[in-house]
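Spelled out, the chains give:
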Amino acid sequence: MFTPSSDDVRRFFCEAYRKQRSGEILSPMDAIAADWIVQHPEYADVLSDAEAALARDYSVEGGQANPFLHLSMHLSIAEQVSIDQPPGIRAACNALTQRLGAHDAHHEIMECLGQMIWTSQRNGVPPDSVAYVECVRARCA
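The paragraphs below set out a description of the structure included in this document. (Residues numbered from 1 in each chain as written. Predicted model: local features only at pLDDT ≥ 70, side-chain atom pairs only at ≥ 80, totals over all residues. Heavy atoms only, no water.)

## Some points on unusual backbone geometry
Backbone phi values are negative for most residues with the exception of glycine, while trans is the configuration of most peptide bonds.
Next, step 1: Geometrically, the link from glutamine 85 to proline 86 is a cis peptide bond, its omega value of 5 degrees lying close to zero.
Next, step 2: Mapped onto the elements of the fold, proline 86 is located in the loop between α5 (67-83) and α6 (89-100).
Next, step 3: Even without being a glycine, aspartate 84 presents a positive backbone phi close to 50 degrees.
Next, step 4: Structurally, the position occupied by aspartate 84 is in the loop between α5 and α6. (Helix = DSSP H or I, 4+ residues; strand = E, 2+ residues; numbered from the N terminus.)

Spelled out as C-alpha cells, the structure:
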C-alpha cells in the first residue's frame, strides 16, 4: 500500500494546480484535486511555489491552517463517499449536501473525521467509523 510522505502530498497538490492552470491533461486524481483547489483560491500562492511549499512548516504552534491537510481531507471524503465506505457515509453526505451545499457539507464532515481520528489516537483504539457516520448524520438535523 502506498503511504505518501508530507512532501509527496505537497508535490501532488502543487503539480495538480500547475497542470490545471496550464491546461494540461489531468489524471483522474489530479482532476478531483483540481476541483477542490478551485474552490480554495486562498491557497493559490502556496500551491504555485512547490519549493516554498515543501519548506513551509504548518505546525499547530504556528497557528496557520495547513492547506495540504485541508485538501487531503477533501480528497479523502470524496473517496469515502464514492465507495460508501464507511457504510452510510454517502447517504449522510448527500443529506448534508442538500442542506448546506457540497463544499460546506465537506467542511462539516471534516470536523467529524478530525474528531474520529483525534479520539482514536488519544485513546489508542481503532477509528470508530460508526460514530463518524453518526456525527455526520447529526449535522444534517
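On we go from here.
## Concerning helix α1 (residues 6-22)
Next, step 1: With 17 residues, α1 extends 24 Å from end C-alpha to end C-alpha; this agrees with the ideal 24 Å at 1.5 Å per step.
Next, step 2: By the burial criterion, the buried members of α1 are Arg10, Phe13, Cys14, Ala16, Tyr17 and Lys19.
Next, step 3: Where α1 is buried, its residues meet α2 (28-38), α3 (44-47), α4 (50-55) and α5.
Next, step 4: Residue glycine 23 follows α1 closely and has a positive phi angle near 75 degrees. (Expected span 1.5 Å × (residues − 1). Buried < 20%, exposed > 50% of the residue type's maximum accessible area, 1.4 Å probe, protein only. Contact = heavy atoms within 4.5 Å.)

## Quick word on the layout of surface pockets
Next, step 1: In this model, the largest pocket occupies a volume close to 1100 Å³.
Next, step 2: If you trace the largest pocket, you find 33 residues lining it, with Val9, Phe68, Leu69, Ser72 and Met73 closest to the centre.
Next, step 3: Of the residues forming the lining of the largest pocket, the biggest block, 9 residues, is contributed by α5.
Next, step 4: Broken down by class, the residue content of the lining of the largest pocket amounts to 18 nonpolar, 11 polar and 4 charged. (1 Å grid on protein atoms, 1.4 Å probe; cavity = no way out; pocket = protein on both sides within 12 Å on 5 of 7 lines; lining within 4 Å. Points joined across faces, edges and corners; volume = space filled by probe spheres on them. Nonpolar A, V, L, I, M, F, W, Y, C, P; charged D, E, K, R; others polar.)

## Overview of the packing of aromatic side chains
Next, step 1: Per the counting criterion, the structure on display carries 2 aromatic pairs.
Next, step 2: Relative to phenylalanine 68, the ring of tyrosine 58 lies with its centre 6.2 Å away and its plane at 70 degrees, an arrangement referred to as edge-to-face. Residue tyrosine 58 is found in the loop between α4 and α5, and its partner phenylalanine 68 is found in helix α5; the two are separated by 10 residues along the sequence.
Next, step 3: Relative accessible area serves as the criterion here: at 2%, phenylalanine 68 is assigned to the buried category. (Phe/Tyr/Trp six-rings, centres within 6.5 Å; stacked < 30°, edge-to-face > 60°.)

## As for the environment of methionine 110
Next, step 1: Relative to the helices and strands, methionine 110 resides in helix α7 (residues 102-123).
Next, step 2: For methionine 110, a relative accessible area of 8% gives the class buried.
Next, step 3: Spatially, the C-alpha atoms of methionine 110 and proline 126 are 18 Å apart, while their sequence positions differ by 16 residues.
Next, step 4: With sequence-adjacent residues up to four places away left out, methionine 110 is seen in contact with His70, Met73, His74 and Ile77.

## Overview of the environment of proline 4
Next, step 1: Its place among the elements puts proline 4 in the segment before α1.
Next, step 2: For proline 4, a relative accessible area of 38% translates into the label partly exposed.
Next, step 3: Sequence separation between proline 4 and methionine 116 is 112 residues; the distance between their C-alpha atoms is 21 Å.

## Points about the environment of valine 81
Next, step 1: With respect to the helices and strands, valine 81 occurs in helix α5.
Next, step 2: Taking relative accessible area as the criterion, valine 81 reaches 15% and is therefore assigned buried.
Next, step 3: Sequence separation between valine 81 and threonine 119 is 38 residues; the distance between their C-alpha atoms is 22 Å.
Next, step 4: Not counting residues within four places of it along the chain, the set of residues in contact with valine 81 comprises Ile89, Arg90 and Cys93.

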